[in-house]
Amino acid sequence: MEQQQYGQGGARVLVVDDDPTVAEVVTGYLDRAGYVVDRAGDGPDALARAAAHWPDLVVLDLMLPGMDGLEVCRRMRGRGPVPVIMLTARGDEDDRILGLEVGADDYVTKPFSPRELVLRVESVLRRTRPSQPSGLLRAAGLSVDPASRRALKNGTELALTIREFDLLAFFLRHPGRVYSREDLMREVWGWDFGDLSTVTVHVRRLRGKVEDDPGRPRLIQTVWGVGYRFDGSEDVTEGVSRAEA
């Protein structure tokens, strides 16, 4: 598996859709935006293309013949970290949540604007590659390094998706403060509007990875009727010294 290195504009994007028209339109818009685009029409082809040239991001249709998009996402994530934007032909909330549950970083419901999809791709890639890495964040046995995009719990590395990582880093930077789901969608996702269940699902997934008992969360607490608050048992520090926090 060869990891490709590109700048934002020349990132490699794998488009997986069994509808040739949709795939052609999406590929055309991404190509004009400066991306290197690979195409696949089904799950096995997508996995083979990803193995040959590992993508920087995957645009993945949920409803694929044979192997569906959820299974493709699981198998790709088993090989290595990669951002995934899921496409679904239905507006059913269960489909969107299921996509997020398996680790999709974003989703777009068909029919969609190709320009909007390109913007979503740019947004996800920007958050994958922060232009100004900040210092190390530590609290309550957690350690987050935005520069290397690594997160540890008690010295053990956490397997986080891009959005989960960004959400955890945001909580660590703002301990003790309550944020609504709208606040988190704006600050972490960079969206002024969207389906707030996206935030709910990511908080639940993140709790499953950072809490000792996800059913009784101690770190990421729900403030009923308001939102969420990060309560570490120790002060959050950023950088090499407390004075830099």
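Structure first, text after, so check above.
Starting from 1, residues in each chain are numbered consecutively following that chain's sequence as written. Totals for whole chains, interfaces and linings use all residues, but because this is a predicted model, local features are given only for residues with pLDDT of at least 70 and pairs of side-chain atoms are given and counted only at 80 or more. By convention in this description, side-chain values take in all heavy atoms of the structure and omit both hydrogens and water.

## Section: the pattern of salt bridges
Salt bridges are counted wherever a side-chain nitrogen of Lys or Arg sits within 4 Å of a carboxyl oxygen of Asp or Glu. For the structure shown, the criterion picks out 16 salt bridges. Glu116 serves as the salt-bridge partner of Arg120, at 2.9 Å between the closest nitrogen and oxygen. A residue pair is termed a helical-turn pair when its members lie 3 or 4 positions apart in one helix, as Arg120 and Glu116 do in helix α5 (residues 114-128) at 4 residues. Across the salt bridge formed by Glu157 and Arg150, the nearest N and O atoms sit 3.1 Å from each other. Residue class for Arg150 comes out partly exposed when judged on its relative accessible area of 41%. Here the salt bridges share partners, and the residues they tie into one network are Asp17, Asp61 and Lys110. For the purposes of this entry, the term helix denotes a DSSP run of H or I that reaches at least four residues, the term strand denotes a run of E that reaches at least two, and both are numbered from the N terminus. Here's how the labels work: a residue is buried when its accessible area is under 20% of the maximum for its type, exposed when over 50%, partly exposed in between, all with a 1.4 Å probe on protein chains only.

## Details of the packing of aromatic side chains
Any two rings among Phe, Tyr and Trp, with Trp reduced to its six-membered ring, count as a pair given centres within 6.5 Å; such a pair is stacked if its planes are under 30 degrees apart, edge-to-face if over 60, and tilted if neither. Across all of its chains, the model carries 1 aromatic pair by this definition. When the centroid spacing of 4.8 Å and the interplanar angle of 70 degrees are considered together, the rings of Phe170 and Tyr179 count as edge-to-face. The ring of Tyr29 carries Arg32 above its face, with NZ or CZ at 4.8 Å from the centroid. Either the NZ atom of lysine or the CZ atom of arginine qualifies as a charge over a ring when it sits within 6 Å of the ring centre and within 35 degrees of the ring normal.

## Brief notes about the nonpolar core
Most often, soluble globular proteins keep nonpolar side chains buried together rather than apart. Leu168, Leu184 and Ile220 are the most contacted members of the largest nonpolar core, which totals 29 residues. Of all the elements in the fold, those that place two or more residues in this core are β6 (137-139), β7 (142-145), α6 (162-173), α7 (181-189), α8 (197-210) and β12 (227-230). No other element matches the 7 residues that α6 contributes to this core. With sequence-adjacent residues up to four places away left out, Leu168 is seen in contact with Leu142, Val144, Ala151, Leu160, Leu206 and Val210. Of all hydrophobic cores here, the second largest spans 21 residues; its members include Val16, Ala46, Ala50 and Met76. Among buried residues, the Ala, Val, Leu, Ile, Met, Phe, Trp, Tyr and Cys ones that are joined through side-chain atoms within 4.5 Å form a nonpolar core. Two residues qualify as a contact provided that any one of their heavy atoms is within 4.5 Å of a heavy atom in the partner residue.

## Some remarks on helix α2 (residues 43-52)
Within α2, burial applies to Gly43, Ala46, Leu47 and Ala50. Mapping the buried residues of α2 onto a view down its axis gives an arc of 95 degrees, with all of them on the same face. Those residues of α2 that are buried are in contact with β1 (12-16), β2 (36-40) and α3 (69-79). Polar contact criterion, stated in full: a pair of N or O atoms within 3.5 Å, where within protein one must be able to donate a hydrogen and the other to accept it, and residues adjacent in sequence count only if both atoms are side-chain atoms. The N-capping residue of α2, defined by a side-chain oxygen 2.9 Å from the backbone nitrogen of Asp45, is Asp42. Comment: arc refers to directions from the helix axis out to C-beta atoms.

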